[in-house]
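Here are the chains, one letter per residue:
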Amino acid sequence: MKHYPYYPERSVLSLEGLWDFSFIGEDLEIDNLSERQIHYDDFMDVPMAFDATPAYAGKQGLAAYRKFITLAEGRKHYLKVAGMGMQNRFYIDQEEIGLCRLPYTGMTIPIPEKFNGEVELVVLSDNRLDINKTPLFDKRTDFYSYGGFFRGIDLHSTGPLALDRVQIKTENITKPQISARIFFQEEVQNTEIEKICFKVCIREYNSSGKRGHTLLEIENPNFSSQTNMEFSFVLPDARIWTLDDPALYELIVRVDDGKHSDTVIERFGIRIVGTDKGQITLNGQPVKLLGYNRHESHPQFGPALPYSQLVQDLQILKDLNCNFIRGSHYPQDQRFLDLCDESGFLFFEESFSWQHNDRHFSRPDFMEDMELQHRLMVRNSYNHPSVIMWGFLNEGDSHKESSRQAYESCFRAIREEDRTRLITYATNHPLDDLYLELCDVISINTYPGWYEMDDEDPAEEVTRPLDRINQEINLLIEHKNSSNHKNKPLILSEIGAGAIYGWRDSLRSHWTEGYQEDYLETVCTRICEDDALAGVALWQFCDGRTYQSGRAVKRPRAFNNKGTCDEYRRPKIAYTAVQRIFGAYRERSCLGTEF
Ligand code: ADA
């Protein structure tokens, strides 16, 4: 897969491409399925969500992907899966070797050493909504729940000495001082560690691929302890990662015990993120977050976006003069985060969650999956300088005392994995939220002038809906300033209005492009004028497919139409308003007239 980390010494075989495929049926279960019932009468590209293809659109049931692979004798083999949907069980020669039911989450599935030579790899993919199969994804969310491979899958074959990751942390930007912690794929005993020679090299990263200038080489660094292979170093000549100069470096670790060796190449940026007087700071300087919520979705590819679409999406966000993206509502494609590192974007990455409540929090399997998801999300994305904030439990029941354990447990897992970044959750209970003390940043989802217009009683109808935007923002700021969180930054993590692409009408009423333009003009102007607001993630970058059920009656075309672009990334008329206002603000802030 085309993203960091890279492992140049070992065999890494991409399993992307055509697999045998069978849509087995809509009322069969894995547990009582026999091999005879699978007829591979089709093929499917991997990555591809099978129900995003016309042939299987809307199919809810059991599917099978199959590929024959060859496992070299005497090597250790791992499957690295970058992200899947719903429930997926992995089999080698019909023996189950792994389960992947954390949506959009990258994970490693070890292949038992008894398998070698040519073997049959089968993945049974069940895309039905069922809390007992996929505790995290059991209800209709306001984005389509596809099944299958959303992202790539690689086969890693290594010797007994296999590196996993190196976590790289900026300790300070003055010297600048960096710390790094080495993790092996499997536990390495202390007695073994003593026999290992560690070679570390830090060099400049060049997007051209030209080998960068080496800044530092270290042999056998002084670890803080044998168990915790963490070491630190200073890079006096290094450039700091900023939005205008997103300087990146590679850290290469090679281990060799005299018989076996391995190498991992990580990439990192030197930066510190924080908060100060209600603003978010990057390297100590305040930065207003101007951007969008973005789903990984496209009508042709579903969630399995080709690399070129990632590049185009980022080009559009840059053209909109954005500096910020919230990856709503799940762990992100590592390729996209690599692009954000290189382009100088700030990123709010959150775990998969959408309006979860007691029904979920009361289930041990839900809480276990949520904890594992958080740990994997942080470990997978730890080295991205663009990721400045972790989020969890989007619009969960944070106004109920019964949710306390869930919120505290999610926060704890993330904080244990990473003590450097900001933590938050997007609340839609801003006035009676019980857990904001957990947050470094207050993130509020609000839709004044949109949902509340859903009036049952026309007598209550608000005649000037756009006025409701500033009225609501005033209320939210006032409430925050009278709370214990008055010094924390406040961002609008979602705000927006729907518009049907091409629907332009002199009335400029709801669903017209004109209403959305007036709406976003009002929101963006307020965000850029008011220092009480630390930023915004407009809802949303582009239209996306949503409910397959009757809930779509409030979603014309069964799409969420609040995109500033439609699902094919064609701009609606609000596009130029957002571009102009964000652009003017960023120009002023470059000229120093802001902050
Ligand atoms: C919520 C939710 C989003 C989307 C949005 C909307 O805030 O977090 O995923 O559903 O509402 O468009 O209504």
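Draft legend 1. Local environment of the overall build of the chain. Assigned secondary structure in the chain consists of nine helices and 33 strands. Taken against the 2.2 N^0.38 rule, which gives 25 Å for 595 residues, the C-alpha radius of gyration of the chain at 24 Å falls within 12% of a compact globule. Projected onto the principal axes, the alpha-carbon positions of the chain cover approximately 80 × 65 × 45 Å. A burial count over the chain gives 61% of its 595 residues as buried. For the chain, restricting intrachain contacts to residue pairs at least 6 apart in sequence, the fraction spanning at least 24 positions comes to 71%. Summed over all atoms, the accessible surface of the chain reaches about 23,400 Å², with 47% contributed by carbon and sulfur. Taking the average location of the 67 positive side-chain charges in the chain and that of its 92 negative ones, the two points are 2 Å from each other.

Draft legend 2. Layout of empty space enclosed by the protein. Enumeration according to the criterion identifies three cavities of 30 Å³ or more in this entry. Space inside the largest cavity adds up to approximately 100 Å³. Taken together, the residues of the lining of the largest cavity break down into six nonpolar, five polar and three charged. Its boundaries defined by the atoms lining it, the second largest cavity holds a volume of some 70 Å³. Looking at the second largest cavity, the residues that line it are Y4, P5, R165, E266, R267, Q334, D338, D341, N380, S381, N383 and H384. Elements represented by at least two residues in the lining of the second largest cavity include exactly β19 (261-268), α3 (334-343) and α5 (364-381). When residues of the lining of the second largest cavity are assigned to their parent elements, the largest contribution, three residues, is made by α3. Considered class by class, the residues forming the lining of the second largest cavity number two nonpolar, five polar and five charged.

Draft legend 3. The site of the ligand, seen in detail. If you check the shell around the ligand, you find 13 residues, and the closest are H329, E395, Y451, E494 and K562. Between the ligand and E395 there is a distance of 2.5 Å, counted from an oxygen atom to a side-chain nitrogen or oxygen. One of the side-chain nitrogen or oxygen atoms of E494 is found 2.3 Å away from an oxygen atom of the ligand. Surface burial for the ligand is 96%, taken as the share of its 320 Å² of free accessible area covered by protein chains. Mapping the ligand onto the cavity grids shows that it belongs to the second largest pocket. Of the residues that constitute the shell around the ligand, the class distribution is four nonpolar, four polar and five charged.

Draft legend 4. Representation of the layout of surface pockets in the model. In this structure, the second largest pocket spans a volume of roughly 720 Å³. What lines the second largest pocket is a set of 32 residues, among which Y447, W450, Y451, R555 and K562 lie closest to the centre. Where the lining of the second largest pocket is concerned, the elements lending two or more residues are β29 (442-445) and α7 (467-481). When its residues are assigned to classes, the lining of the second largest pocket shows twelve nonpolar, nine polar and eleven charged.

Draft legend 5. Structural detail: the sheet that holds strand β16 (residues 214-219). Read from one edge to the other, the open sheet built from four strands follows the order β16-β15-β18-β19, with strand pairing classed as antiparallel. The open sheet terminates on both sides in strands that have one partner only, identified here as β16 and β19. Neighbour to neighbour, the strand axes of the sheet diverge by 15° on average, direction disregarded. Judged from the five bridges that link them, strand β15 (residues 197-204) and β16 form a sheet pairing that is antiparallel. Counterpart to V200 in the pairing with β16 is I218.

Draft legend 6. Seen up close, the sheet that holds strand β20 (residues 273-276). Spatially, the three strands line up as an open sheet ordered β20-β21-β22, and their pairing is antiparallel. The two strands at the open ends of the sheet, each matched to only one other strand, are β20 and β22 (285-286). As paired strands, strand β21 (residues 279-282) and β22 are joined by two bridges and run antiparallel to one another. Bridge pairing links L282 to Q285 in β22.

Draft legend 7. Summary view of the nonpolar core. In this structure, L79, F90 and L538 are the most contacted members of the largest nonpolar core, which totals 117 residues. Sorting elements by how many residues they give to this core places helix α8 (residues 513-529) first, with seven residues. L538 has contacts with G291, Y292, N293, I495, L520, V523, C524, V578 and F582, leaving out every residue within four places of it along the chain. Counting 30 residues, the second-largest nonpolar core is a separate cluster that includes F184, I193, I202 and A238.

Draft legend 8. Spotlight on helix α6 (residues 404-417). With 14 residues, α6 extends 20 Å from end C-alpha to end C-alpha; this agrees with the ideal 20 Å at 1.5 Å per step. Residues of α6 that are buried: A406, Y407, S409, C410, F411, A413, I414, R415 and E417. In the core, the buried residues of α6 are packed alongside α4 (358-361), α5, β26 (387-391) and β27 (422-424).

About the criteria used
Residues numbered from 1 in each chain as written. Predicted model: local features only at pLDDT ≥ 70, side-chain atom pairs only at ≥ 80, totals over all residues. Heavy atoms only, no water. Helix = DSSP H or I, 4+ residues; strand = E, 2+ residues; numbered from the N terminus. Rg over C-alpha atoms; globule rule 2.2 N^0.38 Å. Buried < 20%, exposed > 50% of the residue type's maximum accessible area, 1.4 Å probe, protein only. Contact = heavy atoms within 4.5 Å. Areas by Shrake-Rupley, 256 points an atom, 1.4 Å probe, with all protein chains shown as cover. Lys, Arg positive; Asp, Glu negative; His and termini not counted. Charge placed at Lys NZ, Arg CZ, Asp CG, Glu CD. 1 Å grid on protein atoms, 1.4 Å probe; cavity = no way out; pocket = protein on both sides within 12 Å on 5 of 7 lines; lining within 4 Å. Points joined across faces, edges and corners; volume = space filled by probe spheres on them. Nonpolar A, V, L, I, M, F, W, Y, C, P; charged D, E, K, R; others polar. Near = heavy atom within 4 Å. Polar contact = N/O pair within 3.5 Å; in protein donor to acceptor, adjacent residues only side chain to side chain. Sits in = over half its atoms within 2 Å of the grid points. Pairing = 2+ DSSP bridges. Axes fitted to C-alpha atoms, helices over the stretch in contact; angles between N-to-C directions. Core = buried A, V, L, I, M, F, W, Y, C linked by side-chain atoms within 4.5 Å. Expected span 1.5 Å × (residues − 1).

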